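Working through the structure, step by step
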Amino acid sequence: MSKTGKDSLLGNKIAAGLLAAGLVFWGANRIANSIVPDSAPSSPAIKLIGLAVATVPKVASIGLPSIIPLLASADISKGSAFMAQQCAACHTYVAGGGAGVGPNLYGVLGGPMFGTPGFTYSSAVTAKAKGDWNYDNINAWLADPQKFAPGTAMSYPGIKNTQARADVVAYLRTLSAKPLPLPTAAQVKAASAPSAAPAVASATPAAPPPAPGMKAMFASANVSNGDAFVQQQCAACHTLAKGAGAQVGPDLYGIVGAKSFSQPGFTYSSAVQAKAGKVWTPDLLSQWLTDPQAYAPGTAMSYPGIKDAQTRADVIAYLNQNSGAPVKLP
Ligand code: HEC
Ligand code: HEC
């Protein structure tokens, strides 16, 4: 009896070990892939990751350009797309989203530094937690986390492009019940003074990665990546088991191939009613999941969307398997 108990516990441990190894591998892969567009393409992305963990190459010792002069004209939707691609593997950022590898980022700007209750920060950052996140300290943190807090658990090389940093911070600012006020004219003037490094040199935003055909993405979709992503980003609002009932959103069991926005017993927003009754094909789901607010302006699904095509394909492939009647993917 006790022997059997031990054996099955061992089985669990092995399974957990394999799962953890798989997740780490997946994470590293994802980040390596997503770093490519914003960094020097000459060196292999995977090398960057190794360095990010150990010693990150230091940016030239020029002063860090301020994002303050760029905020007023920053592109929030670019910031949102950037975060979906580069941060969402580790962070949730909807209100009430749980911790992933890193803490939930809703309300982080203007809130206490490294102060999310219930998240276990590395000692590297708790030593740096002084006051609240503002436009200057978050600029320095996001430009180079390892320089800001050597040894931090955030294994991310940083956002080297000043305009991209401004876009991300402008988007982070919106993720709050009480957004931090934008800098005053005087603060903008001070930050734009000639002594501050001019932003012009680095203001050219990185070209967006080319959108490869969804068909190819489905062909190489990875169901377990999709599963992990859904658990992290969707399960706060959606159940996934058969007959589990609605939460904030409807149950997603069997959603691929089902009629859109038509589950009995769920009260949809009026925003989606005009779109109801179509069949959720993989392609239509891909459109919805890219940007729910663009697909149905005013929808109650407060989720910025999955900008990365491969991640969308992974998610749809997983949703398709989580069904009594999976459809054939394109
Ligand atoms: C590989 C995983 C990973 C990636 C990718 C990542 N982060 Fe983090 N992030 C973390 C971890 C872990 C921490 C906690 C740091 C610690 O404990 O040392 C953190 C902390 C933070 C904090 C401070 C949170 C607080 O509570 O004060 C901010 C802000 C942040 N990350 C923003 C971002 C943004 C923006 C991106 C994308 C550009 C990003 N992170 C990408 C893992 C990650
Ligand atoms: C903050 C809560 C929230 C999050 C996070 C969220 N959803 Fe939703 N979702 C909703 C709500 C609410 C609706 C109903 C939309 C409406 O009524 O406007 C919905 C609708 C949907 C629908 C249409 C369902 C139907 O009956 O046709 C799908 C598919 C969907 N969500 C998938 C996802 C996936 C996949 C994710 C994660 C990548 C996700 N959602 C994340 C709240 C959420």
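Before reading on, note that the structure itself is shown above.
Source: prediction; values computed, not measured.

Structural notes on the overall build of the protein
Helix and strand counts for the protein stand at 14 helices and zero strands. Put simply, the protein runs from its N terminus to its C terminus through helices and strands in the order α-α-α-α-α-α-α-α-α-α-α-α-α-α. Residue burial in the protein is summarised as follows: out of 330 residues, 41% are buried. Restricting to contacts in the protein with at least 6 residues of sequence separation, those with at least 24 account for 55%. Carbon and sulfur atoms make up 64% of the accessible area of the protein, which amounts to about 17,100 Å² in all.

Re the site of ligand 2
Around ligand 2 lies a shell of 27 residues, among which Cys 234, Cys 237, His 238, Tyr 268 and Met 301 are the nearest. Backbone polar atom of Phe 261 to an oxygen atom of ligand 2: 2.7 Å apart, as the coordinates give it. At three residues, helix H12 (residues 282–290) tops the list of elements feeding residues into the shell around ligand 2. Class assignment for the residues of the shell around ligand 2 results in 19 nonpolar, eight polar and no charged.

Observations concerning the nonpolar core
Soluble, globular proteins show a tendency: their nonpolar side chains are buried together. If you look at the biggest cluster of nonpolar residues, it comprises 37 residues, and the most contacted ones within it are Trp 133, Trp 141, Leu 142 and Leu 172. Mapped onto this core, the elements with two or more residues apiece are helix H3 (76–86), helix H5 (135–143) and helix H7 (162–174). Per-element tally for this core: the top contributor is H7, with seven residues. When neighbours within four sequence positions are excluded, Trp 133 is seen to be in contact with Val 108, Leu 109, Gly 110, Gly 111, Pro 112, Met 113, Phe 114, Ile 138, Trp 141, Phe 148 and Leu 180. By size, the runner-up hydrophobic cluster in this structure holds 30 residues, among which are Met 214, Tyr 268, Tyr 303 and Val 315.

Examining unusual backbone geometry
The backbone of Phe 114 sits at a positive phi, close to 45 degrees, despite the residue not being glycine. With a relative accessible area of 13%, Phe 114 lands in the buried category. The phi dihedral of Phe 261 falls on the positive side, at around 45 degrees, and the residue is not glycine. Inspection of the secondary structure assignment puts Phe 261 in the loop between helix H10 (223–233) and helix H11 (270–273).

Structural notes on the coordination of the iron atom of ligand 2
The iron atom of ligand 2 binds to the protein through His 238 (NE2) and Met 301 (SD), with metal-donor distances spanning 1.9 to 2.1 Å. Overall, Met 301 belongs to the buried group, its relative accessible area being 19%.

Here we look at the packing of aromatic side chains
Between two aromatic rings, the relevant description is the distance of the centres plus the angle of the planes. The full count for this structure, using the stated rule, is 15 aromatic pairs. Both rings, one in Phe 114 and one in Trp 133, keep their centres 5.1 Å apart while their planes meet at 70 degrees; by these two values the pair is edge-to-face. Of this pair, Phe 114 sits in the loop between H3 and helix H4 (123–126) while Trp 133 sits in the loop between H4 and H5; the two residues are 19 residues apart in sequence, bridging distant segments of the chain. One exposure class covers both Phe 114 and Trp 133, and it is buried. Judged by centre distance (5.8 Å) and plane angle (85 degrees), the rings of Phe 261 and Tyr 268 are edge-to-face. Like Phe 261, the residue Tyr 268 is buried in the burial classification. What links up through ring pairs into an aromatic cluster is the set Phe 114, Phe 119, Tyr 121, Trp 133, Trp 141 and Phe 148. Over the ring of Tyr 295 we find Lys 275, and its NZ or CZ is 5.1 Å from the ring centre.

Looking at empty space enclosed by the protein
All told, the structure shown has one cavity of 30 Å³ or more when counted by the stated rule. Estimates place the volume of the largest cavity at around 30 Å³. Surrounding the largest cavity, Ala 84, Ala 88, Tyr 93, Phe 229, Gln 233, Tyr 303, Pro 304, Gly 305 and Ile 306 form its lining. Residues that form the lining of the largest cavity fall into these classes: seven nonpolar, two polar and no charged. Taken domain by domain, the makeup of the lining of the largest cavity includes at least three residues from each of domain 1 (38–52 + 61–202) and domain 2 (214–321).

Thoughts on the packing of H10 against helix H14 (residues 309–321)
Contact geometry of H10 with H14 gives a least axis separation of 7 Å together with a crossing angle of 90 degrees. Here H10 lies roughly perpendicular to H14, going by the angle between them. In this structure, H10 uses Val 223, Asn 225, Gly 226, Asp 227, Phe 229, Val 230 and Gln 231 to contact H14, whose residues at the interface are Thr 311, Asp 314, Val 315, Ala 317, Tyr 318 and Gln 321. Counted by class, the contact of H10 with H14 contains six nonpolar, five polar and two charged residues.

What counts and what doesn't
- Position numbers for residues start from 1 in each chain and track the written sequence from start to end.
- As a convention, the first chain written is A and the first ligand written is 1, with the rest following in written order.
- Given that the model is predicted, a residue must reach a pLDDT of at least 70 before its local features are reported, and side-chain atom pairs must reach 80 or more before they are shown or counted; all residues, however, enter totals for whole chains, interfaces and linings.
- Hydrogen atoms and water are omitted, and side-chain values are computed over all heavy atoms in the structure.
- The way it works is that DSSP assigns letters per residue, a run of H or I at least four long becomes a helix, a run of E at least two long becomes a strand, and they are numbered from the N terminus.
- Residue burial is assigned from relative accessible area. The probe radius is 1.4 Å, only protein chains are included, and a residue is buried under 20% of its type maximum, exposed over 50%, and partly exposed in between.
- We call two residues in contact when some of their heavy atoms are within 4.5 Å.
- Note on areas: these come from Shrake-Rupley sampling with a 1.4 Å probe, and a residue is covered only by the protein chains present in the view.
- A single heavy atom is enough: if one lies within 4 Å of a molecule or strand, its residue is considered near that molecule or strand.
- Residues adjacent in sequence count toward polar contacts only when both atoms are side-chain atoms; beyond that, a polar contact is any pair of N or O atoms within 3.5 Å, and within protein one must be able to donate a hydrogen and the other to accept it.
- In this classification, the charged set is Asp, Glu, Lys and Arg, the nonpolar set is Ala, Val, Leu, Ile, Met, Phe, Trp, Tyr, Cys and Pro, and all remaining amino acids, among them Gly, are polar.
- Working definition of a nonpolar core: buried Ala, Val, Leu, Ile, Met, Phe, Trp, Tyr and Cys residues. They are joined through side-chain atoms within 4.5 Å.
- Distances decide who is a donor: an N, O or S atom must be within 2.8 Å of the metal, or within 3.2 Å for Na, K and Ca. Water is not included, so sites may look incomplete.
- Classification of ring pairs uses Phe, Tyr and Trp, with its six-membered ring standing for Trp, and accepts pairs whose centres are within 6.5 Å; under 30 degrees between planes counts as stacked, over 60 as edge-to-face, and the remaining range as tilted.
- Here, a charge over a ring is recorded when the distance from Lys NZ or Arg CZ to the ring centre is within 6 Å and its angle to the ring normal is within 35 degrees.
- The method works on a 1 Å grid over the protein atoms by themselves. A cavity is a set of points holding a 1.4 Å probe that cannot get out, a pocket is an open set with protein on both sides within 12 Å along at least five of seven lines, and residues with an atom within 4 Å of a point line them.
- Grid points are joined across faces, edges and corners, and a volume is the space filled by probe spheres set on the points.
- Boundaries of every domain are those given by an automatic assignment or by a domain database.
- Axes, fitted as lines to C-alpha atoms, cover a helix only where it is in contact. Angles between the N-to-C directions of the axes lie from 0 to 180 degrees.
- For classification purposes, an angle smaller than 35 degrees is called roughly parallel, one larger than 145 roughly antiparallel, one from 65 to 115 roughly perpendicular, and anything else oblique.

Shape is all these values report; function is a separate question.
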